[in-house]
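# Descriptive structure summary
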Amino acid sequence: MSKVIVSALYKSDVFTMACRQFDQAADAINLPEDLRDRTKYPRRCLAVALPIKRDDGSITVFEGYRVQHNLSTGPSKGGIRFHEHVTIGEVAALAMWMSWKCSLVGLPYGGAKGGVICNPRQMSQGELERLSRRYMQEMINFVGPQIDVPAPDMGTNEQIMGWMMDTYSNHVGHVEPAVVTGKPISLGGSEGRREATGAGVAYLVKAYLEDMKIPVKNATVAIQGFGNVGSETAAALANYGAKIIAISDYTGAIYNERGIDIRKALEYVKYAKVLKDFDGGQAISNEQLLELKVTVLIPAALERVITNDNAPKLQCRLLAEAANGPTTNSADKILEQRGDIEIIPDVLCNSGGVIVSYFEWLQNLQHYYWTRDEVLQKLFTMLDRAKASVDAQKAKFGFSRRLAALTLGIARVADAKRIRGLFP
Ligand code: GLU
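Residues numbered from 1 in each chain as written. Predicted model: local features only at pLDDT ≥ 70, side-chain atom pairs only at ≥ 80, totals over all residues. Heavy atoms only, no water.

The next thing to look at is the site of the ligand. Neighbouring the ligand are 14 residues, the closest being Lys77, Lys101, Lys113, Asp153 and Ser357. Lys77 is positioned such that a nitrogen or oxygen atom in its side chain is 2.8 Å from an oxygen atom of the ligand. In the environment of the ligand, an oxygen atom lies 3.1 Å from a nitrogen or oxygen atom belonging to the side chain of Arg193. Protein chains bury 94% of the 300 Å² of accessible surface belonging to the ligand in isolation. Listing elements by their share of the shell around the ligand, those giving two or more residues are strand 3 (76-83), helix 3 (88-105), strand 5 (148-152) and helix 12 (352-366). The residue inventory of the shell around the ligand, partitioned by class, reads four nonpolar, five polar and five charged. (Near = heavy atom within 4 Å. Polar contact = N/O pair within 3.5 Å; in protein donor to acceptor, adjacent residues only side chain to side chain. Areas by Shrake-Rupley, 256 points an atom, 1.4 Å probe, with all protein chains shown as cover. Helix = DSSP H or I, 4+ residues; strand = E, 2+ residues; numbered from the N terminus. Nonpolar A, V, L, I, M, F, W, Y, C, P; charged D, E, K, R; others polar.)

Below is the structure:
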């Protein structure tokens, strides 16, 4: 049988990492050879040039991508990232992880991801609006409520989803809220969506601490990243009574062994935009934060931050992967050999976001809206179910928790592909 090398387009460390994870999981479940490449590689992608008029009258051409990894089990689903270091390989890896995540938690979606190479912090609201609208305009034939449903990710937010929804709706000639999720409530967004990822991370952290017989009130926590996910996770864990002793963003980290007042940090960031110079603790580096002695370490920013170098030095009991792909393959091996750190793998840990996105899409299609309590209750029920299935798979086959989660997610996608067969 000839082997097709498909991935020249996506060549990057992060795509290789996602492929290695896939290969390991496929080996672990003896996935038939003829299903492997079909399940592993992204189905299709679109790269677009986005010429935008700047406020000073000049024009900048941005580059944007959308990768749809799997379309076999429903429309594809996943966020759009605005970040200066976005690459198509990264977007493809993130799309792959969305497939396993949606499949693991039982959502009727394939995985997708989008990205634009830009620094939203250095752009005005007007420039961001033109960029967001242009991106959606270029994607019109590639997305839709039954095709591919984008959402926020790093660097994008409710307002950006609102502009995208408006652009799409204007094009089709009627209001179409179900084309994106993570919208403002007034445009058909769901109660609880903004905090969903963080609320889910905190809920799972609390549940795993209970399994480890550690009362959440005795837990100390360090969180890398104070964007939507990191800050909502911090707020939810502080609510449960945990002590957040370190937080960080790209400007550096803040450490306070007595516990950081998260409400104050949130107020500060609202005004200052960054954590730099926040006086709720002492300044340390992001690297130091990762190696602190804490009960729970939560990477909630970019991928590949737990590496060969720092994996041997981690001092946490529980590693909760709020970010997508924070742990490299070799760091993962080191942590497995160490055996003293429990891991909540990304595809389970941060799935609260896409679960509530699914609720938002359902509410949009039904034109019937749920209360916040209903949303959160349904979210926690789905997380309980996913956690139980991952832990059962782990116990049954003696897998690591990551391998358990990935094998469940991948097996369902592969099975759907097998049953549907090849067309024509
Ligand atoms: N960007 C989020 C993720 O990585 C959410 C995706 C969505 O809601 O579709 O899971």
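Before going further, it helps to examine the packing of aromatic side chains. What describes a pair of aromatic rings is the distance from one ring centre to the other and the angle between the planes of the rings. On inspection of all chains with the given rule, the structure shows 11 aromatic pairs. Through pairs of rings, three or more aromatic residues link up here, namely Tyr109, Tyr358, Phe359, Trp361 and Trp370. When the ring centre of Tyr240 is taken as origin, the NZ or CZ atom of Lys206, which lies over that ring, is 4.9 Å away. Taking the ring centre of Trp370 as reference, the NZ or CZ of Lys378 above it sits at 4.7 Å. (Phe/Tyr/Trp six-rings, centres within 6.5 Å; stacked < 30°, edge-to-face > 60°. Lys NZ or Arg CZ within 6 Å of the ring centre and 35° of its normal.)

For the rest of this paragraph, the subject is the nonpolar core. In terms of nonpolar packing, the biggest core is built from 94 residues, with Trp100, Leu107, Val205, Ile247, Ile298, Ile344 and Phe359 touching the most fellow members. Residue contacts for Ile298: discarding those within four places in its chain leaves Val201, Val205, Val221, Ala222, Ile223, Gln224, Thr233, Leu237, Ala320 and Ala322. Counting 25 residues, the second largest nonpolar core, distinct from the first, contains Val116, Cys118, Met123 and Met161. (Core = buried A, V, L, I, M, F, W, Y, C linked by side-chain atoms within 4.5 Å. Buried < 20%, exposed > 50% of the residue type's maximum accessible area, 1.4 Å probe, protein only. Contact = heavy atoms within 4.5 Å.)

Let us now look at helix 13 (residues 372-397). The end-to-end C-alpha separation of helix 13 is 38 Å, in line with the 38 Å expected for 26 residues at 1.5 Å each. Of all the residues in helix 13, the buried ones are Val375, Leu376, Leu379, Phe380, Met382, Leu383, Ala386, Lys387, Val390, Asp391 and Gln393. On its buried face, helix 13 is in contact with helix 3, helix 6 (193-211), helix 11 (346-349), helix 12 and helix 14 (401-420). Looking at the residues trailing helix 13, positive phi occurs at Gly398, about 70°. (Expected span 1.5 Å × (residues − 1).)

As a further point, take unusual backbone geometry. A positive phi is found at Lys273, a non-glycine position, where the angle reads about 75°. You can see Lys273 is positioned in the loop between helix 8 (262-272) and strand 9 (282-284). Residues other than glycine seldom take positive phi values, yet His367 does so here, at roughly 55°. Mapped onto the secondary structure, His367 falls in the loop between helix 12 and helix 13.

The next thing to look at is the pairing of strand 1 (residues 44-53). Both strand 1 and strand 2 (residues 59-68) contribute to a ladder of 10 bridges, which runs antiparallel. Counterpart to Lys53 in the pairing with strand 2 is Ile59. Here strand 1 folds back onto strand 2, and the loop between the two strands holds five residues, one of which, Gly57, carries a positive phi near 95°. (Pairing = 2+ DSSP bridges.)

This part is about helix 4 (residues 125-139). For helix 4, with 15 residues, the first-to-last C-alpha span of 21 Å sits near the 21 Å given by 1.5 Å per residue. Along helix 4, the positions that sit buried rather than exposed are Glu127, Leu128, Leu131, Ser132, Tyr135, Met136 and Met139. Viewed along the axis of helix 4, the buried residues span an arc of 160°, placing them on a single side of the element. Those residues of helix 4 that are buried are in contact with strand 1, strand 2, strand 3, strand 4 (110-117) and helix 5 (158-172). (Arc of directions from axis to C-beta.)

Next up on the list: the pairing of strand 6 (residues 220-224). Looking down a regular strand, the side chains alternate between one sheet face and the other. Burial analysis of strand 6 places five of its five residues in the buried class, the great majority of the element. Relative to strand 7 (residues 243-249), strand 6 runs parallel, the two being bridged by five bridges. Paired with Ala222 across the bridge in strand 7 is Ala246. Of the crossover connections in this fold, the one passing from strand 6 over helix 7 (residues 228-240) to the parallel strand 7 is right-handed. Bridge count between strand 6 and strand 10 (residues 296-299): four bridges; the pairing is parallel. Residue pairing in the sheet places Ala222 in a bridge with Leu297 of strand 10. (Right-handed = clockwise from strand over helix to strand, strands pointing away.)

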